[in-house]
Structure formats: C-alpha cells, structure tokens
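Okay, here's what each chain looks like letter by letter:
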Amino acid sequence: MNRRQFLQLSVAALSALGLAGCSKSAPLRTGIHPWIGYEPLYLAEEFGWLPDSVRLVKHSAASDSMAGLLAGELDAAALILDEALRVYAEGVPLRVVTVTNVSVGADVLVVKPTITSLAGLRGRSIAVELGGVSGIMLFSILERAGLSTDQVSLVDLPVNRHLSAWQNGDIEASVCYEPTASVLEQAGGTRLFDSSHVPDTIFDTLIVTEAAARRKPGSVRDLVYGYFRGQHHLVRSMHDAVYRVATRQGITPDSVRRSLATVMLPELAANQRYLAHHGRIEVVAKRLSGILVREGLMASHPVYERLCDPSFLPRSLS
C-alpha cells in the first residue's frame, strides 16, 4: 500500500468515526400498559428520570406490547412472565432484566356462596381470561383442588365482562383482579382463594429482546435505572406517589393503596436473587412453560440457555 492509499483509507476511517459519533441511536422502544407494578416507569417519565435513550410506548393492554415485540416494533416491554414466554416461543428471544412486582393477593377467585371449597369447583362454570395472567392463576387453583380443566366448565371471557356473566347466571366463579373482584363481592360473591396462597408464582417483569440487549446495552441500563428511581419514589414518598398515580389513572387514592397492598415490589437485592441463573424466575418459567404447552396456550417450550440477565441492574441508586 502506498502513502496516498494509506492517507485515503485513514481519512475514510476518520470520517466514518466522525459520522458515528455525531449520529444519535434510536431510543429503546418500550411497551407499557396500566398496572400498579409498572407505575414506577410512569413516575420516572414524569420526573424526567428516563433519558432520551428510552421511549415509553403506551398501550391499553399487554396484548398490544406482545404484538409490538412480534412485529419488531418494540425493543422492550413490561409483561407478566407467562406473556414473555409466549413471545419467546413465537420466535423473539428475550431477556428478563427486572422483576417489577410479585402478586401477593392481586389475583383472586370469587365464587357463588354455594361453593365453599376448591373441590367444590368440580362441574362449575368458571370465567377466566385464558390469554392473560388469570389463566395461570386458574391452573394453580385447579392443581390445588386436584382437578383438571375437563372437570370444570371454562368460560373464556375478558375480565371486564365477568360481572355481566355473573349477573346473567352464566358463571358461578370468576378468576379476576381489582376492581372486578370487589364488584363481584358487592354482587354477592365470596373470595375463596387469591395469589397470596401461591407465593412467588405470578411475576411481572421488564423484558428486552436479545437484539436490543446486544445493540443498546446503555439504553437498557437507562430503562432499568429509571424504573428503580421511580420505584424508590413510590415506596419512600408514597403519599405523593399515590396521588400522582390516582390522578393519572383517574381513580381514587384509596384504590391505589388497595392495589399496592396486593403486590410486592422487589428492590435491587431481591432482583439479584430472582434473576440469578437457575433462580426463582427461571424455575417458575420452566413450570409455566409446561402448563402453557399442556393447556394448548403455547405450541412448544421456548429454548434458551439463560432467560434472566441481572447484569443491567444498577449497583445502587446514588
């Protein structure tokens, strides 16, 4: 190579570096929908704790975020663990980078007064949204009762239609969550079982695609850090946070407090334990995959060497 060729290559290389340095990478597109466990991200956005490297894409339901991931329109999302597994099984490799909350009573079985035990569900009509978290809750209930799905009558309904089905006499039990659970109680129902009886089973998470984890690790760290800043405010400045959440959701502060009482929000140390290799999340994921395949809600087990990645967790919030 002569000197002229060397200089030409050097100028081209420097120009490429200059262009790369001046270009701004696209933000981490993160799907989110209303749920108390995801409120720290809304708070982080409100307080400016999410930098330009992260953009929240707001939906009305988890199904929108799942569709966005499958279409390649999102890089990350807030999803229940079983929803994340379904996306993975459809061909989008994912990493769980944060556990946002654990259900400790948020998911409920409400029954007619004539049903006094889980065994009494045999032959009864049960409303459940099989495509959502209520499906996993139902399967946990039936396991406890020693029943299979063919020993009950499943009515696959969105939760917002459970009350009308109850009033019409179409169902005798409902697997649901607030505010539907309280509404059914007011209509004469009884809470027979809730997720506090199956601890460490129903997890909400922040997930990112493997591609985003490789290409945008800094943005993923920004997302996770912002989440924990919001969580810190929600836990340590609850009075302020509750009113902000209530205003944003258009509900009463008491409703927000009741919702918070039904979830556990793991802080950094707990997240390290949950996301460890062969830790609780990966153990539960294998169990959930088996249930989803068995019940025909997932075609096959997602194949992965490691599902969780705690490397994006901040060491501290200082």
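Reading the values: rules and limits
Residues numbered from 1 in each chain as written. Predicted model: local features only at pLDDT ≥ 70, side-chain atom pairs only at ≥ 80, totals over all residues. Heavy atoms only, no water. Pairing = 2+ DSSP bridges. Helix = DSSP H or I, 4+ residues; strand = E, 2+ residues; numbered from the N terminus. Axes fitted to C-alpha atoms, helices over the stretch in contact; angles between N-to-C directions. Contact = heavy atoms within 4.5 Å. pLDDT = per-residue confidence, 0-100. Salt bridge = Lys/Arg side-chain N within 4 Å of Asp/Glu carboxyl O. Buried < 20%, exposed > 50% of the residue type's maximum accessible area, 1.4 Å probe, protein only. Polar contact = N/O pair within 3.5 Å; in protein donor to acceptor, adjacent residues only side chain to side chain. Core = buried A, V, L, I, M, F, W, Y, C linked by side-chain atoms within 4.5 Å.

**Quick look at the sheet that holds strand β5 (residues 107–111)**
The sheet built from five strands is open, its strands ordered β7-β6-β8-β5-β9 with mixed pairing. Each having just a single partner strand, β7 (153–156) and β9 (190–194) make up the two edges of the open sheet. Averaged over all neighbouring strand pairs, the angle between strand axes comes to 30°, with direction disregarded. Judged from the five bridges that link them, β5 and strand β8 (residues 173–177) form a sheet pairing that is antiparallel. Residue V111 lies in a different strand from β8, and its bridge partner there is A173. The sheet strands contacting helix α5 (residues 133–145) are β5, β6 (125–128), β7, β8 and β9, and the helix crosses β8 at an angle near 130°.

**Here's the deal with the confidence of the model for the protein**
When pLDDT is averaged across the protein, the result is 90; 92% of the residues are at 70 or more. Note on residues 1–23: pLDDT is under 50 here. Beyond four places in sequence and across chains, it has two contacts.

**So, the pattern of salt bridges**
Side chains bearing opposite charge may pair, as long as their charged atoms lie close to each other. Counted according to the given criterion, the structure contains 15 salt bridges. Close ionic contact of E46 with R244 constitutes a salt bridge, the shortest N to O distance being 2.4 Å. Pair noted here: E46 is in helix α2 (residues 39–47) and R244 is in helix α10 (residues 238–249), with a separation of 198 residues, a long-range link. Overall, R244 belongs to the partly exposed group, its relative accessible area being 28%. The residue R191 makes a salt bridge to E185 at a minimum N-O spacing of 2.8 Å.

**Some remarks on the environment of H162**
Among the secondary structure elements, H162 is positioned in helix α6 (residues 162–167). Between the C-alpha atoms of H162 and T180, which are 18 residues apart in sequence, the distance is 7.7 Å. For H162, the side chain forms a polar contact with the side chain of S174, separated by 2.7 Å.

**Digging into the nonpolar core**
Soluble globular proteins: nonpolar side chains tend toward being buried together. In this structure, L81, L109 and L121 are the most contacted members of the largest nonpolar core, which totals 80 residues. If one sorts the elements of this core by residue count, α5 sits on top with eight residues. Formed by 12 residues, the second largest nonpolar core is a distinct cluster that contains L43, V245, V263 and L265.

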